[in-house]
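Overview (structure and organization)
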Amino acid sequence: MERLKNNMVSALMTFVEVGCHGSLTSAAKVKCVTTGAISQQLLQLEANIGVKLLTRHSRGVTLTTAGSLLHKVALSSFQSLDTAITSIQSQSSAISEVRLKLTPSFAFKWLVPRLEDFHRQFPDIQVQLDAVNSVLDDNTTDFDLAIDYGPIPYRDPNAEMLLAEQLIPVMNPSYLSQHAEIADRKADVESWSKITLLHDAKPWLGAVRHHEWKAWAETKGVNLPYDKGHFFNRTDMAMSAAEAGVGIALARNALIQDELSSGRLVAPLPSINANAGYFLISHIRSPAGECFSQWLRAQVRHCVSIENGLRSV
């Protein structure tokens, strides 16, 4: 590398061009310089190397044995550099996008309302959302990051825990007024038999459809028919049914805050730890993906601090 100084790189590029065309005139046209300038660069190159690289004649130039060797190596090196630069430029344009796969409920209820904040901070990074019920169950790899909901411990040991979840029974105010006895934690089986339970039937792959209500009933020591009611394949659908007055949904705490603060839903019964949560999976690492991951962690910390503040009031 020490030998490649002054204008030798430029002279080598000129030499490669001359060798490819076999003519100083043709090379001069390609480089948009005079033939004299080409000739001077070649002479300087030969002087620096100390070896004759080409022979001039009436029909053009012919490479010497040393010139042929240098031309072959230099041409290959410049082609490799060009390929590398093209690849880097391609990757540079690709990292301006984050392909994110996640569950529909988390996308709709939690992430999408916050995306404007990410856009304000990183206006040059595009986010492509792919909301699917089974985030990692189709074995596809067409994503950079994924956010999945699952039990603790999570099946992928390399996944990062973003947020541990809680389950909380919610209903609309009218439904509560019609079944006020439910707010009494000593409500009996007859009282609960009048209640329509709304289930997230597929919180994760392999879970039984009444898993969450069964866990809540057993944790709180409540005798209720947890295998009855209406079953949905998304938790936000169960929440919407509760808001419509159909029954009581066991909602995820992270997804229900807007409905609770607005009064569209009420939560007179205690929550339980879900023994599940949201996990971040990194498939393809990139600067854009790292920006999004850091922003996501900050959003989670902010939400947790707000919830902790509300509990302390």
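First, a word on scope: everything that follows refers to the structure included in this document. Predicted model only: the values in this text are computed from it and were never measured.

Along the backbone of the protein there are 12 helices and 10 strands. Relative to the globule expectation of 20 Å for 313 residues, the C-alpha radius of gyration of the protein, 34 Å, shows a markedly less compact shape. Taken over the C-alpha atoms alone, the protein extends approximately 110 × 35 × 30 Å along its principal axes. By sequence separation, contacts in the protein at least 24 residues apart represent 73% of the contacts at least 6 residues apart. Surface accessibility of the protein: about 17,100 Å² in total, with carbon and sulfur atoms responsible for 53%. Put simply, the protein has 29 plus and 31 minus side-chain charges, and the middle of one group is 9 Å from the middle of the other.

Next up on the list: the packing of helix 1 (residues 8–21) against helix 3 (residues 35–49). Taken N-terminus to C-terminus, the directions of helix 1 and helix 3 make an angle of 115 degrees; their axes are 9 Å apart at the nearest point. When you trace helix 1 past helix 3, the crossing you get is left-handed. Across the interface between the two elements, Met8, Ser10, Ala11, Leu12, Thr14, Phe15 and Val18 from helix 1 touch Ile38, Gln41, Leu42, Leu45, Asn48 and Ile49 from helix 3. Grouping the amino acids of the contact of helix 1 with helix 3 by side-chain chemistry returns 9 nonpolar, 4 polar and no charged.

The next subject is the packing of aromatic side chains. Under the counting rule described, the total for this entry stands at 12 aromatic pairs. Between Phe118 and Phe122, the ring centres sit 5.0 Å apart and the planes meet at 35 degrees, which makes this aromatic pair tilted. A residue is classified by how much of its surface remains accessible, and Phe118, at 2% relative accessible area, is buried. Between the aromatic rings of Tyr149 and Tyr278, the centroid separation amounts to 5.0 Å while the plane-to-plane angle is 50 degrees, which identifies the pairing as tilted.

This part is about the pattern of salt bridges. Counted under the stated rule, the structure contains 12 salt bridges. When the shortest N-O distance is used, the salt bridge between Asp148 and Arg155 registers 3.4 Å. A relative accessible area of 6% means that Asp148 is categorised as buried. Here Arg264 makes a salt bridge to Asp258, at a shortest N to O gap of 3.3 Å. Residue classification places Arg264 among the partly exposed residues on the basis of a relative accessible area of 32%. With a relative accessible area of 48%, Asp258 lands in the partly exposed category. Salt bridges sharing partners connect three or more residues here, namely Lys109, Glu243, Asp258, Glu259 and Arg264.

Moving on, we get to the sheet that holds strand 5 (residues 145–151). Taken in spatial order, the 8 strands line up as 4-3-5-10-6-9-7-8 in an open sheet, and their pairing is mixed. At either margin of the open sheet sits one strand with a lone partner, and together these are strand 4 (126–131) and strand 8 (230–232). Across the sheet, the mean angle separating the axes of adjacent strands is 25 degrees when strand polarity is ignored. Here strand 3 (residues 97–102) pairs with strand 5 via 3 bridges, running parallel. Residue pairing for strand 5: Leu102 is matched across the bridge by Ile147. Against the sheet, helix 9 (residues 211–220) contacts strand 5, strand 6 (160–170), strand 7 (197–200), strand 9 (248–252) and strand 10 (272–282), and its axis sits at roughly 90 degrees relative to strand 9.

Right, let's talk about helix 2 (residues 24–31) for a bit. Since the α-helix advances by 3.6 residues per turn, residues separated by three or four positions end up pointing in the same direction. Turning to helix 2, its buried residues number three or more, namely Leu24, Ala27 and Ala28. Taken around the axis of helix 2, the buried residues stretch over an arc of 105 degrees, which confines them to a single face. Considering only its buried residues, helix 2 is in contact with helix 1, helix 3 and strand 2 (60–63). Two to three positions downstream of the cap, the backbone nitrogen of Thr25 sits 3.2 Å from a side-chain oxygen, assigning the N-cap of helix 2 to Ser23. Two residues or fewer after helix 2 comes Cys32, characterised by a positive phi angle close to 60 degrees.

For the rest of this paragraph, the subject is helix 9. Along helix 9, the positions that sit buried rather than exposed are Glu212, Trp213, Trp216 and Ala217. For helix 9, the arc enclosing every buried residue in end-on projection is 130 degrees, short of the 170-degree limit, so these residues lie on one face. Across helix 9 from its buried face, at more than 90 degrees, point the exposed residues Glu218 and Thr219. The inward-facing, buried residues of helix 9 contact strand 5, strand 6, helix 8 (189–193), strand 7, strand 9 and strand 10. Looking one or two places after helix 9, you find Gly221, whose phi comes out positive at around 65 degrees.

Excluding glycine, residues mostly have negative phi values, and the peptide bonds linking residues are mostly trans. In this structure, the amide linkage connecting Ile152 to the following residue, Pro153, adopts the cis form with an omega of 5 degrees. The phi dihedral of Asn275 is positive, around 55 degrees, even though this residue is not glycine. Take Asn275: it is sitting in strand 10.

Quick look at the nonpolar core now. Grouped together as the largest cluster of nonpolar side chains are 58 residues, with contacts concentrated most on Trp110, Leu111, Ile147, Trp192, Trp216, Phe292 and Leu296. Excluding residues within four positions of it along the chain, Ile147 makes contact with Leu100, Lys101, Leu102, Thr103, Phe106, Val135, Leu162, Tyr278, Phe279, Leu280 and Leu296. Counting 14 residues, the second largest nonpolar core, distinct from the first, contains Met8, Phe15, Val18 and Ile38.

What follows concerns the pairing of strand 5. By the criterion of burial, strand 5 is predominantly enclosed, with 6 of the 7 residues buried. Across 7 bridges, strand 5 lies against strand 10 in antiparallel orientation. Bridging across to strand 10, Gly150 finds its partner in Gly277.

Thresholds, definitions, all that
Residues numbered from 1 in each chain as written. Predicted model: local features only at pLDDT ≥ 70, side-chain atom pairs only at ≥ 80, totals over all residues. Heavy atoms only, no water. Helix = DSSP H or I, 4+ residues; strand = E, 2+ residues; numbered from the N terminus. Rg over C-alpha atoms; globule rule 2.2 N^0.38 Å. Contact = heavy atoms within 4.5 Å. Areas by Shrake-Rupley, 256 points an atom, 1.4 Å probe, with all protein chains shown as cover. Lys, Arg positive; Asp, Glu negative; His and termini not counted. Charge placed at Lys NZ, Arg CZ, Asp CG, Glu CD. Axes fitted to C-alpha atoms, helices over the stretch in contact; angles between N-to-C directions. Left-handed = near helix turned anticlockwise from the far one by under 90°. Nonpolar A, V, L, I, M, F, W, Y, C, P; charged D, E, K, R; others polar. Phe/Tyr/Trp six-rings, centres within 6.5 Å; stacked < 30°, edge-to-face > 60°. Buried < 20%, exposed > 50% of the residue type's maximum accessible area, 1.4 Å probe, protein only. Salt bridge = Lys/Arg side-chain N within 4 Å of Asp/Glu carboxyl O. Pairing = 2+ DSSP bridges. Arc of directions from axis to C-beta. Polar contact = N/O pair within 3.5 Å; in protein donor to acceptor, adjacent residues only side chain to side chain. Core = buried A, V, L, I, M, F, W, Y, C linked by side-chain atoms within 4.5 Å.

The quantities given are spatial measurements derived from coordinates; they are silent on function.
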